[in-house]
Amino acid sequence: MKHLLIRNIARIVGTHDASIVQLRGSEMKHLPGIDNSWLLTEGDHIADFGREDDGLSTIARQAVASGTAETIDAEGGWLFPAFCDSHTHLVYSGSREGEFVDKIRGLSYAEIARRGGGILCSSDRLHEASEDELYHEAMKRVGEIAAKGTGAVEIKSGYGLNTDDELKMLRVIRRIRQTAPMRVVSTFLGAHAVGRAWQGRQGEYVDMIISEMLPEVARQQLADFVDVFCDEGFFTPDETRRILNAAARYGMRGKIHGQELADSGGVAVATQCGALSVDHLEQMTDADIAMLSKAGPQAPIPTALPGTSFFLNMPFAPGRRIIDGGLPLAVASDYNPGSTPSGDMKFIVSLACIKMRLLPEEAINAATINSAAAMGLSHHYGSIALGKAASFFITTALPSIGFLPYAYTTPLIRRVVLEGNMSHIAK
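Residues numbered from 1 in each chain as written. Predicted model: local features only at pLDDT ≥ 70, side-chain atom pairs only at ≥ 80, totals over all residues. Heavy atoms only, no water.

Undergrad: Kindly report on empty space enclosed by the protein, identifying the contributing residues and their values.
TA: Applying the stated criterion to the full structure yields 2 cavities of 30 Å³ or more. In this structure, the largest cavity occupies an estimated 120 Å³ of space. Taken together, 15 residues make up the lining of the largest cavity; nearest its centre are His89, Tyr109, His192, Asn336 and Ser339. Here the residues of the lining of the largest cavity are counted per class, giving 4 nonpolar, 8 polar and 3 charged. Estimated volume of the second largest cavity: approximately 40 Å³. Surrounding the second largest cavity, Pro81, Ala82, His380, Tyr381, Gly382, Ser383, Ala389 and Ser391 form its lining. The residue makeup of the lining of the second largest cavity, split by class, is 4 nonpolar, 4 polar and no charged. (1 Å grid on protein atoms, 1.4 Å probe; cavity = no way out; pocket = protein on both sides within 12 Å on 5 of 7 lines; lining within 4 Å. Points joined across faces, edges and corners; volume = space filled by probe spheres on them. Nonpolar A, V, L, I, M, F, W, Y, C, P; charged D, E, K, R; others polar.)

Undergrad: Outline the layout of surface pockets, supporting the account with residue identities and numerical values.
TA: Rolled over the atoms, a probe as big as a water molecule pinpoints where empty space is left. Considered as a void within the structure, the largest pocket measures approximately 340 Å³ in volume. Every residue lining the largest pocket is counted, 16 residues in all, and those nearest its centre are Ala110, Ala113, Arg114, Gly233 and Phe234. Every element with two or more residues in the lining of the largest pocket is listed here: helix H3 (109-114) and helix H4 (119-128). When residues of the lining of the largest pocket are assigned to their parent elements, the largest contribution, 4 residues, is made by H3. Its residues placed into classes, the lining of the largest pocket shows 9 nonpolar, 5 polar and 2 charged. (Helix = DSSP H or I, 4+ residues; strand = E, 2+ residues; numbered from the N terminus.)

Undergrad: Got a sec to walk through the sheet that holds strand S9 (residues 225-230)? Specific residues and values, please.
TA: If you walk across this open sheet you meet the 8 strands as S6-S7-S8-S9-S10-S11-S12-S13, and the pairing is parallel. The open sheet has two edge strands with one neighbour each: strand S6 (83-88) and strand S13 (330-331). Relative to strand S11 (residues 277-280), strand S10 (residues 253-258) runs parallel, the two being bridged by 4 bridges. When the bridges of S11 are listed, Lys255 appears paired with Ser277. (Pairing = 2+ DSSP bridges.)

Undergrad: Lay out the pairing of strand S1 (residues 3-13) in plain terms, naming residues and giving numbers.
TA: When a strand is regular, its side chains alternate between the sheet's two faces. Burial analysis of S1 places 8 of its 11 residues in the buried class, which makes it a mostly covered element. As defined by bridge partners, S1 adjoins strand S4 (residues 69-73) across 5 bridges and the pair is classed as parallel. Opposite Ile6, over in S4, you have Ile72 as the bridge partner. Summarising the sheet, S1 and strand S2 (residues 33-42) pair through 8 bridges and their orientation is antiparallel. (Buried < 20%, exposed > 50% of the residue type's maximum accessible area, 1.4 Å probe, protein only.)

Undergrad: Explain the packing of aromatic side chains residue by residue, including any values.
TA: For the structure shown, the criterion picks out 10 aromatic pairs. Judged by centre distance (5.3 Å) and plane angle (10 degrees), the rings of Phe80 and Phe393 are stacked. Here the residue Phe80 occupies a position in strand S5 (residues 78-81), and Phe393 occupies one in strand S14 (residues 392-395), the gap between them amounting to 313 residues. Across the pair, Phe393 and Phe80 agree in class, each one buried. Judged by centre distance (5.0 Å) and plane angle (40 degrees), the ring pair of Phe83 and Phe393 falls under tilted. A residue pair is termed long-range when its members are at least 10 positions apart, and Phe83 in strand S6 and Phe393 in strand S14 qualify at 310 residues. (Phe/Tyr/Trp six-rings, centres within 6.5 Å; stacked < 30°, edge-to-face > 60°.)

Undergrad: Can you explain the pattern of salt bridges? Please cite residues and give values.
TA: Counting across every chain of the model gives 20 salt bridges. Residue Arg175 is joined to Asp132 by a salt bridge in which the shortest nitrogen-to-oxygen separation is 2.7 Å. Of this pair, Arg175 sits in helix H6 (residues 163-179) while Asp132 sits in helix H5 (residues 131-147), placing them 43 residues apart in sequence. With a relative accessible area of 43%, Asp132 lands in the partly exposed category. Where Asp227 meets Lys156, a salt bridge forms, and the shortest distance between an N and an O atom there is 2.7 Å. One end of the pair, Asp227, is in strand S9; the other, Lys156, is in strand S7 (residues 150-156), and 71 residues separate them in sequence. Accessibility classification places Asp227 together with Lys156 in one group, the buried group. (Salt bridge = Lys/Arg side-chain N within 4 Å of Asp/Glu carboxyl O.)

Undergrad: Any chance you could break down a nonpolar patch on the surface for me, citing the residues and the numbers?
TA: There is a patch of nonpolar side chains on the surface, built from Phe100, Val101 and Ile104 and spanning about 270 Å² of accessible area. The exposure class assigned to Phe100 is partly exposed, which follows from its relative accessible area of 39%. (Patch = residues over 30% accessible without salt bridge, like charges linked within 9 Å, V, L, I, M, F, W, Y side chains within 5 Å. Areas by Shrake-Rupley, 256 points an atom, 1.4 Å probe, with all protein chains shown as cover.)

Undergrad: So what's going on with the side chain of Ser371? Which residues, and what values?
TA: Its location among the elements puts Ser371 in helix H15 (residues 369-373). Ignoring anything within four residues of it in the chain, the contact list for Ser371 reads Cys84, Asp85, Ser86, Ala330, Val331, Asn365 and Ala366. (Contact = heavy atoms within 4.5 Å.)

Undergrad: Could you give an account of unusual backbone geometry, with specific residues and numbers?
TA: A positive phi is found at Gln221, a non-glycine position, where the angle reads about 55 degrees. With respect to the secondary-structure elements, Gln221 resides in the loop between helix H7 (202-219) and S9. Residue class for Gln221 comes out exposed when judged on its relative accessible area of 70%. Despite not being glycine, Leu281 shows a phi value in the positive range, around 70 degrees. With respect to the secondary-structure elements, Leu281 resides in the loop between S11 and helix H10 (286-295). We classify Leu281 as buried; its relative accessible area is 0%.

Next up, the structure:
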């Protein structure tokens, strides 16, 4: 069995007990670690770790003696669990920098969509692209986020907007899942917008999602979750409820885009339908926070996407109020061609601190264990614990935990190990 032995680590960060799968409220301030440490991987999982002053454990000494351990000198860097990015749209064709200029000129997200841009523009381009083209474009982005420390990622469909093209997207995601160096979760988002062929017939499009798309997605086992864009100008709470209830009959749990553009009722629907997460939340209200708090541990995980607020120059989700309300908070990148063309989770952590008033410890927990929870993966990802996935990154020497979000453009990540493989080394 292949081993990696990491020595001379100034601090291992995120050594939560393996039984912890989600942090709520004041718990998010707690980011345990071990100073002056070492860590051993065995295959794709963490086998052991401890303090250098205490010496190597028996299993680590045996790995060294057997000659199966490659030893890496961390050179006084810090070791963090790999970021978990629970909300992306990174399968797409081309780019939309023209809309970037339109935004500079003052057009809103909704105005650009009404002019034929936005999601429908990406849908048109995806229709023309082959599966091979989409796969190779997306894998470049996968390599990019891997080098920046992401070890688990959710990828949504939603640029197909008809049965054939949605299935094409999901097949591409499945191919990525089979070949990417990280853990990949697939989400069906046929209800991202109404396809061009169904304009003016939104009710019929929803019927088609339920009667045609969902059964085929389930038959081919192409998705782990089902998402709906429940917001002003997109899908109503009633339509969202219908889609998620139908998905549940096929064993697929819901996730919701909600409260990005308006107080749309997305949080209420997510709660009623037992969704795993409710994402965006730029227009989240105190009543929404109270609703989720009342729902308890089984409530959807509020997931903020601060990169979207930054790029679109719109309000940020009320992350500070969410945590102070006793709730968990996850953060994710929303990597997509129109509103967030970046999957840099280190920058997302910085934005969470700067714009959402999270402490560095809270922001890192939001981007690791809680974002893993928002994909149903936190038993295996998001912290450093025995038996968990050997997915982590090693930084240069840091003066403190706060330096990671403080130095928001400095390339601090020096080595990345994903599933026990050191194939991605940050340059």
